[in-house]
Amino acid sequence: MTFTDRSTTRRDSSLTMTRRSAIRAVGGGAAALLTVATVGVAGANHTSQLYTVSANANFRIGPGTNYAIIAVITKGSTFTLNEQTQNGYAGIISNGRSGWVLASLVVAAGSTGTTPVISGSAWTADYVNLRSGPGTSYQVLRVVPKGSQIGTSTTVKNGFRYVSHNGLAGWMADSLISATNPDDQGTNYKTATVNLNLRAEPSTSAKVLTVIPAGAKVQLLHTQVGQYGNANYNGMQGWVAPAYLK
């Protein structure tokens, strides 16, 4: 998957925060970067904005497939975020009850039928603005750090792709999206010990993208959800069971 557009971040004069200014704005250091990256999501506060899911999603008691399912949230049902994220899951409040859903499925409510569907995942290749619309004139919702995992759609307008990051949906310059984590390039390769399914989501019921043959090299990425790890195989990103890699 190739994403190319040179209109934002270090190559975009309208960027509201560069990597250096983001650090200065909150006092510097790793903790400061975390603060900038999670504006509106990382606290324990409740938000009033309504969200929905792009496809029916399991509402779980914890952030992973090993946690019990409370209910299934149907596409179009609305809920609010409680501003917590963990293991690729977003903390939400649905019908007065707190729980977790897969963050890549969470999209802003209010435009049912026209909102692009988040159907894949990728990484940010640099610090990049997440905007409210497909262009540099739209509001910056958040500055997303390099190497952050995002949910992606197939919709691209004016060089911007519709994406989601930690439960917040918006538009991001396509040129600054990578199929693999830039921090992992050339590292952490494993060998499949058996024919291994590469799935679209971290679940045994998720779509099989391809079957990785025994003996093939697989790049295991940072994120793990339950018994599944995010992986890259021949440029295709998905989820595998690391127990079958050595």
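The rules behind each value
- Residues numbered from 1 in each chain as written.
- Predicted model: local features only at pLDDT ≥ 70, side-chain atom pairs only at ≥ 80, totals over all residues.
- Heavy atoms only, no water.
- Helix = DSSP H or I, 4+ residues; strand = E, 2+ residues; numbered from the N terminus.
- Buried < 20%, exposed > 50% of the residue type's maximum accessible area, 1.4 Å probe, protein only.
- Contact = heavy atoms within 4.5 Å.
- Areas by Shrake-Rupley, 256 points an atom, 1.4 Å probe, with all protein chains shown as cover.
- Core = buried A, V, L, I, M, F, W, Y, C linked by side-chain atoms within 4.5 Å.
- Phe/Tyr/Trp six-rings, centres within 6.5 Å; stacked < 30°, edge-to-face > 60°.
- Salt bridge = Lys/Arg side-chain N within 4 Å of Asp/Glu carboxyl O.
- pLDDT = per-residue confidence, 0-100.
- Pairing = 2+ DSSP bridges.

Within the protein chain, the regular secondary structure consists of 2 helices and 20 strands. Out of the 246 residues in the protein chain, the part that is buried amounts to 48%. Look at the contacts in the protein chain between residues 6 or more apart in sequence, and 58% of them connect residues 24 or more apart. Here the protein chain displays about 11,300 Å² of accessible surface, and carbon together with sulfur accounts for 48% of that area.

Counting residues in each nonpolar core, the largest one holds 36 residues, and the members touching the most others are Ile73, Phe79, Ile92, Val106 and Met172. In terms of residue count, strand 13 (residues 168–173) provides more of this core than any other element does, 5 residues in total. Setting aside residues no more than four positions away along its own chain, Val106 makes contact with Tyr51, Thr52, Phe79, Leu81, Ala90, Val101, Ser164 and Gly167. Counting residues in hydrophobic clusters, the runner-up holds 11 residues, among them Leu198, Ile212, Tyr233 and Leu245.

The description of an aromatic ring pair rests on the distance of the ring centres and on the angle between the ring planes. For the structure shown, the criterion picks out 1 aromatic pair. Relative to Trp171, the ring of Tyr162 lies with its centre 5.3 Å away and its plane at 75°, an arrangement referred to as edge-to-face. Judged by relative accessible area, Tyr162 falls into the buried class, the value being 7%. Here Trp171 falls in the buried class, since its relative accessible area comes to 8%.

Opposite charge on two side chains makes pairing possible when the charged atoms of those side chains draw close. Counted by the stated rule, this structure contains 1 salt bridge. Across the pair Arg161 and Asp174 runs a salt bridge whose closest N-O atoms are separated by 2.9 Å. With a gap of 13 residues between them, Arg161 in strand 12 (residues 160–165) and Asp174 in the loop between strand 13 and strand 14 (177–178) connect regions that are remote in the sequence. Residue classification places Arg161 among the buried residues on the basis of a relative accessible area of 11%. When its relative accessible area of 7% is taken as the criterion, Asp174 is described as buried.

Moving on to unusual backbone geometry. A positive phi angle, near 55°, is found at Asn95, a position not held by glycine. Along the chain, Asn95 turns up in the loop between strand 5 (89–94) and strand 6 (97–102). A positive phi is found at Asn158, a non-glycine position, where the angle reads about 55°. You can see Asn158 is positioned in the loop between strand 11 (149–157) and strand 12. Overall, Asn158 belongs to the exposed group, its relative accessible area being 65%.

Moving on, we get to the confidence of the model for the protein chain. Detailed reading of the predicted coordinates is not advisable wherever pLDDT falls low. In the predicted model, the protein chain carries a mean pLDDT of 74, and 73% of its residues have values of at least 70. Here helix 2 (residues 29–37) stands out as the least confident element of the protein chain, with mean pLDDT 29; strand 2 (residues 57–60) is the most confident, with 93. The model gives residues 1–46 a pLDDT under 50, and that stretch makes 91 contacts with residues more than four places away or in other chains.

This part covers the pairing of strand 20 (residues 236–240). Taking burial as the measure, the 5 residues of strand 20 include 4 buried ones, the bulk of the element. Inspection of the sheet shows strand 19 (residues 228–233) paired to strand 20 by 5 bridges, in the antiparallel sense. If you follow Tyr233 over to strand 20, its bridge partner there is Met236. Hairpin remark: strand 19 followed by strand 20, antiparallel, with 2 residues in the connecting loop; positive phi at Asn234, about 50°.

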